[in-house]
Amino acid sequence: MSIEIKDLSVQFRNGTVAINHINMNISKGIYGLLGENGAGKTTLMRVLTTILRPTGGQVKLSGIELNEENYEKLQSRIGYLPQELGLYSNLSVRESLEYMGGLAGVSKEECKKRIDFYLERTGLTDHQKKKNRQLSGGMKRRVGLVQALLHNPEILIVDEPTTGLDPEERIRIRNLLVDFSKDRIVLFSTHILEDLAATCNNLGILKKGNLIYDGKREALLHQVKDSVWICKLRNEEEYNLIQNRYLISAKNYTEDGIETRIIADKKPHVPGINVNATLEDAYIYLMNRDPE
Amino acid sequence: MNYNIKIALTRTKVCYSVSFLLILALIRGISSPEEIGAAMDANVALLAIIFCSDTYYQEIQDNRWEVFNLLPDRNRYHTICQRLLLQVLYISLLISLDYWVFYLQKAVYWNETGKLRLYITAVLACSASVLFFGTLSFTMVNVFRNLWMGIGATFLLWNTLNSTAGKKIPDCINVFAYGNSPKMAGSVDWIFGKLVAVVVSVLLIYFNKRFLVWKKGLR
C-alpha cells in the first residue's frame with residue numbers, strides 16, 4: 001500500500017504550471033498536505049483521483065501505474081471526499097449512502113453492514129433518516145466521509161474536510177481520519193495547521209506547484225528549533241521596524257505593549273525569550289525562506 | 001430505481017411541469033379532440049428540453065462529479081440513463097393525463113368515434129418528441145459542458161422545426177410533422193418522422209457514454 005510520485009508535473013492549457021516536477025512517497029497512515037490557496041493541493045488530488053491527467057511524470061498507486069488503462073482498476077481503490085460535496089438533497093442520509101454504495105459496486109447486504117458500521121463510528125446513526133438538506137455542515141462532511149469509505153478503499157483522499165467547521169466538529173472529523181488511517185493511506189489536505197499537528201506524522205508542503213518540504217513533522221519543527229522568540233514591543237512604531245527585519249508569526253496587544261512572536265535564527269535586538277516552535281512557526285519560516 | 005426517481009423528479013421539477021401542462025391545456029385553444037395531440041406536441045418538447053437538461057449536469061452543479069467519477073463506468077452510465085428515461089416516462093405520464101384536461105375547454109365536442117385511437121396516437125407521438133428533445137438537451141449540455149449553452153442549442157433546433165420553415169422539412173424526417181399537420185392524423189407519414197426521432201434518441205443515449213466522464217483541464 002503506497003503512493004509513489006516521480007517527477008510529476010501538471011500544466012494547464014493556459015500555461016499555468018500547477019504541479020512542478022514533484023517527487024513523493026506516501027505509505028500507510030495519515031499524510032498531511034499543506035499549502036496556501038493555489039499551491040497545487042487540489043490539482044495533485046485530482047491527479048490521484050484520476051480526474052486530471054498529468055502532463056508529465058509517473059504515479060503509482062499500490063504498485064499500479066496511474067494511466068488510462070488502469071483507471072477503472074485504480075478507481076475502486078480510492079475513496080475521495082472533495083472540498084464541497086453536495087449530497088442528494090431529496091435523499092435521506094441512509095438512502096444516499098445506499099445509493100452511492102450500490103453504484104460503487106458493493107453488494108446490498110455488505111453495503112448495509114458497512115453503512116451501519118460507519119454511521120455508528122461517525123455518530124450519525126440517530127440522523128440516518130434525516131434528509132441530507134437538513135444536515136449541518138459537519139454532518140454533511142461526515143456523510144461524505146462515509147460515502148468515501150463504503151467500498152473499503154486502500155487510499156482515502158480528503159480535501160480540506162475541516163474548513164468552515166466549528167472546533168468540536170473539526171476535532172471529531174480529524175479523529176475519524178486518524179481512526180480510518182489504521183489500515184489505509186489517508187491523504188489529508190488542509191491549510192489548518194492545528195489539524196495537521198493533531199493528526200499527521202508525515203507531511204508535505206506545496207508552494208506554487210513545488211514541493212518545498214516532504215518528511216516528518218518533527219524534522220520540520222527541528223528546522224526552526226531555537227529560532228522562535230516572544231518579544232515585548234513598546235509601540236506600533238517599534239513593531240513596524242521589527243516587522244521589516246524579521247518574520248512574525250503572531251501579534252498580540254497587551255496592557256504593556258505588543259507581544260510579538262518572531263522567527264529569527266539569531267536573538268532579535270529587542271528583549272525577548274526563546275520558546276518552543278509550533279508547526280505554524282515552521283510553516284511561516286519555510287514559506288518565507290529564500291528558494292535555494 | 002427508487003432513489004433515481006427521488007433524484008430525477010425533484011419537487012421543483014414536478015411543480016413546474018404540472019403547472020406548465022395544466023396552463024397549456026387551459027389556454028391553448030382547440031376546436032376538436034383531433035387537435036389535442038398537435039397542440040401538445042411542440043410544447044411538451046419544450047418542457048422536455050428544460051426538464052431533462054440537468055440529468056447529469058446536477059452532478060456538476062452540486063459538486064458530486066469528482067466522486068461520481070470514481071464509480072465504475074458501467075454503473076455510472078446506467079444510473080444516468082435510468083434518470084433520463086424516468087424523466088421521459090414521467091412527462092409521458094403527465095401527457096396522458098393532461099390530454100383529458102383539454103376536454104375542459106367547452107369548444108371541444110365529444111366525439112366518441114375513434115376517441116381511444118386519437119388518445120393513444122397523441123400520447124405516443126408526444127412521448128416521441130419528449131424522448132428526442134429531452135435526450136438532445138441532455139446531450140447538448142454534456143457536449144458543451146454548460147447548461148444554458150445546451151438548452152440554447154436544443155431550443156434553436158426546436159424553434160427551427162416548429163417554425164414555418166420547419167414545416168417545409170419532409171414529414172418522414174420531421175419530428176413535428178404530426179403536430180404541424182393535425183389533419184394528417186389519418187395519414188401515417190408523420191410516424192416515420194417520429195421513428196427517426198426515436199432512433200436518433202437511442203443513438204444519442206449511446207453517444208453519451210463518452211461524455212459521462214467529465215475531465216477538467218487537460219482533457
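This text follows the structure it describes.
Visitor: Explain the overall build of chain A to me, please; I cannot follow it from the model alone.
Guide: Tallying secondary structure elements over chain A gives 10 helices and 14 strands in all. By principal-axis analysis of the C-alpha atoms, chain A measures approximately 70 × 45 × 35 Å. Here chain A holds 292 residues, and the buried ones make up 53% of them. For chain A, long-range pairs separated by at least 24 residues make up 67% of all intrachain contacts whose partners lie at least 6 apart in sequence. When the accessible surface of chain A is totalled, it reaches about 13800 Å², and 45% of it is carbon and sulfur. Seen as two clouds, the 40 positive and the 39 negative side-chain charges of chain A have centres 3 Å apart.

Visitor: Looking at this structure, I do not really get the overall build of chain B. What am I missing?
Guide: Check the secondary structure of chain B and you find 10 helices and zero strands. From first element to last, N terminus to C terminus, chain B shows the α and β order α-α-α-α-α-α-α-α-α-α. By residue count, 53% of the 219 residues in chain B fall in the buried class. For chain B, long-range pairs separated by at least 24 residues make up 74% of all intrachain contacts whose partners lie at least 6 apart in sequence. Of the roughly 10100 Å² of accessible surface on chain B, a fraction of 67% belongs to carbon and sulfur atoms.

Visitor: Hey, could you run me through the interface of chain A and chain B in this one?
Guide: The figure often quoted for interface size is the accessible area lost as the parts come together. Every contact between the two is made by 38 residues of chain A and, on the other side, 28 residues of chain B. Taking both partners together, chain A and chain B bury about 2900 Å²; carbon and sulfur atoms supply 53% of that area. Among the residues chain A hides against chain B, the three largest losses belong to Ile51, Tyr88 and Leu103 of chain A. Together they make up 22% of the total. Connecting chain A to chain B are two salt bridges. Notably, a salt bridge pairs Glu95 of chain A with Lys6 of chain B, separated by 2.6 Å at the nearest N-O pair. Linking chain A to chain B there are 14 residue pairs in polar contact (both at pLDDT 80 or more). Taken together, the elements giving at least two residues each to the side of chain A that touches chain B come down to strand S1 (2–11), helix H2 (71–75), strand S6 (78–81) and helix H3 (93–103) of chain A. With six residues, H3 of chain A is the largest single contributor of residues to the side of chain A that touches chain B.

Visitor: Hey, could you run me through empty space enclosed by the protein in this one?
Guide: Think of a ball as big as a water molecule: rolled over the atoms, this probe shows where empty space is left. Residue and element names in this part refer to chain A. Under the criterion given, the structure shown has one cavity of 30 Å³ or more. If you add up the space inside the largest cavity, you get close to 70 Å³. Going through the elements one at a time, H3 and helix H5 (137–149) are the ones with two or more residues in the lining of the largest cavity. Sorting elements by how many residues they give to the lining of the largest cavity places H3 first, with three residues. The residue inventory of the lining of the largest cavity, partitioned by class, reads seven nonpolar, two polar and one charged.

Visitor: Even after reading the chapter, I still don't get the pattern of salt bridges, so can you show me in this structure?
Guide: Side chains that differ in sign of charge can pair as their charged atoms come close. Enumeration over the complete set of coordinates arrives at 29 salt bridges over all chains. A salt bridge links Arg77 of chain A to Glu154 of chain A; the shortest N-O distance between them is 3.3 Å. On the criterion of sequence distance, the pair formed by Arg77 of chain A in the loop between H2 and S6 and Glu154 of chain A in the loop between H5 and strand S7 (155–159) is long-range, its members being 77 residues apart. By relative accessible area, which is 25% here, Arg77 of chain A ends up partly exposed. Across the pair Lys13 of chain B and Asp54 of chain B runs a salt bridge, and its minimum N-O distance is 2.8 Å. Highlighted residues: Lys13 of chain B in helix H2 (residues 11–27) and Asp54 of chain B in the loop between helix H3 (34–53) and helix H4 (57–61), separated in sequence by 41 residues. Assigned by exposure class, Lys13 of chain B and Asp54 of chain B land together as buried. Through salt bridges that share partners, Arg94, Glu98, Lys112 and Asp116 of chain A make up one connected network.

Visitor: Can you help me understand the sheet that holds strand S13 (residues 257–263) of chain A in this one?
Guide: Note: strands within a sheet are paired through backbone hydrogen bonds, in either parallel or antiparallel orientation. All names here are of chain A. Strands sit in the order S12-S13-S11-S14 across an open sheet of four strands; the sheet is antiparallel. At either margin of the open sheet sits one strand with a lone partner, and together these are strand S12 (247–254) and strand S14 (272–274). On average, each strand axis in the sheet is inclined to that of its neighbour by 20°, with strand direction left out of account. The pairing of strand S11 (residues 228–233) with S13 spans six bridges and is antiparallel. Residue pairing across strands places Leu233 opposite Ile258, the latter belonging to S13. Relative to S12, helix H9 (residues 236–245) is tilted by about 170°, and along the sheet it contacts S11, S12 and S13. In this fold helix H10 (residues 279–288) packs onto S11, S12 and S13, with an angle of close to 135° to the strand it touches most, S12.

Visitor: How do you make sense of the packing of aromatic side chains when you look at a structure like this?
Guide: Given two aromatic rings, one states the distance between the centres and the angle between the planes to describe the pair. Residue and element names in this part refer to chain B. One pass over the structure, following the stated rule, counts 16 aromatic pairs over all chains. For the pair Phe51 and Tyr90, a centre-to-centre distance of 5.5 Å together with 20° between the ring planes defines the contact as stacked. Placement of Phe51 in helix H3 and of Tyr90 in helix H6 (residues 73–101) is noted, with a sequence separation of 39 residues between them. Of the two residues, Phe51 and Tyr90, neither departs from the other in class, the shared state being buried. For the pair Tyr99 and Tyr103, a centre-to-centre distance of 6.2 Å together with 50° between the ring planes defines the contact as tilted. Judged by its relative accessible area of 1%, Tyr99 is buried. Seen from the ring of Phe51, Lys13 lies directly overhead, with NZ or CZ sitting 5.0 Å from the centre. The cationic tip of Lys209 hangs over the ring face of Tyr77; the distance from NZ or CZ to the ring centre is 5.1 Å.

Visitor: Which parts of the structure should I look at to understand unusual backbone geometry?
Guide: Excluding glycine, residues mostly carry a negative phi; peptide bonds, for their part, are mostly trans. Although it is not a glycine, Thr50 of chain A adopts a positive phi angle of roughly 65°. Within the secondary structure, Thr50 of chain A is located in the loop between helix H1 (41–48) and strand S4 (56–61). Overall, the relative accessible area of 0% leaves Thr50 of chain A in the buried class. Even without glycine at this site, Arg145 of chain B takes up a positive phi of about 55°. With respect to the secondary-structure elements, Arg145 of chain B resides in the loop between helix H7 (115–144) and helix H8 (147–161).

Visitor: What exactly am I supposed to notice about H7 of chain B here?
Guide: Given 3.6 residues per turn, any residue in an α-helix points the same way as the ones three and four places further on. Residues and elements named next belong to chain B. Helix length check: H7 (30 residues) gives 43 Å between terminal C-alpha atoms against 44 Å at 1.5 Å per residue, within 8%. Counting buried residues in H7 gives 23 out of 30 residues, a clear majority hidden from the surface. Just beyond H7, the residue with positive phi is Arg145, at close to 55°.

Definitions and limits used
- Residues numbered from 1 in each chain as written.
- Chains lettered and ligands numbered in written order.
- Predicted model: local features only at pLDDT ≥ 70, side-chain atom pairs only at ≥ 80, totals over all residues.
- Heavy atoms only, no water.
- Helix = DSSP H or I, 4+ residues; strand = E, 2+ residues; numbered from the N terminus.
- Buried < 20%, exposed > 50% of the residue type's maximum accessible area, 1.4 Å probe, protein only.
- Contact = heavy atoms within 4.5 Å.
- Areas by Shrake-Rupley, 256 points an atom, 1.4 Å probe, with all protein chains shown as cover.
- Lys, Arg positive; Asp, Glu negative; His and termini not counted.
- Charge placed at Lys NZ, Arg CZ, Asp CG, Glu CD.
- Buried area = accessible area lost by both parts, 1.4 Å probe.
- Salt bridge = Lys/Arg side-chain N within 4 Å of Asp/Glu carboxyl O.
- Polar contact = N/O pair within 3.5 Å; in protein donor to acceptor, adjacent residues only side chain to side chain.
- 1 Å grid on protein atoms, 1.4 Å probe; cavity = no way out; pocket = protein on both sides within 12 Å on 5 of 7 lines; lining within 4 Å.
- Points joined across faces, edges and corners; volume = space filled by probe spheres on them.
- Nonpolar A, V, L, I, M, F, W, Y, C, P; charged D, E, K, R; others polar.
- Pairing = 2+ DSSP bridges.
- Axes fitted to C-alpha atoms, helices over the stretch in contact; angles between N-to-C directions.
- Phe/Tyr/Trp six-rings, centres within 6.5 Å; stacked < 30°, edge-to-face > 60°.
- Lys NZ or Arg CZ within 6 Å of the ring centre and 35° of its normal.
- Expected span 1.5 Å × (residues − 1).

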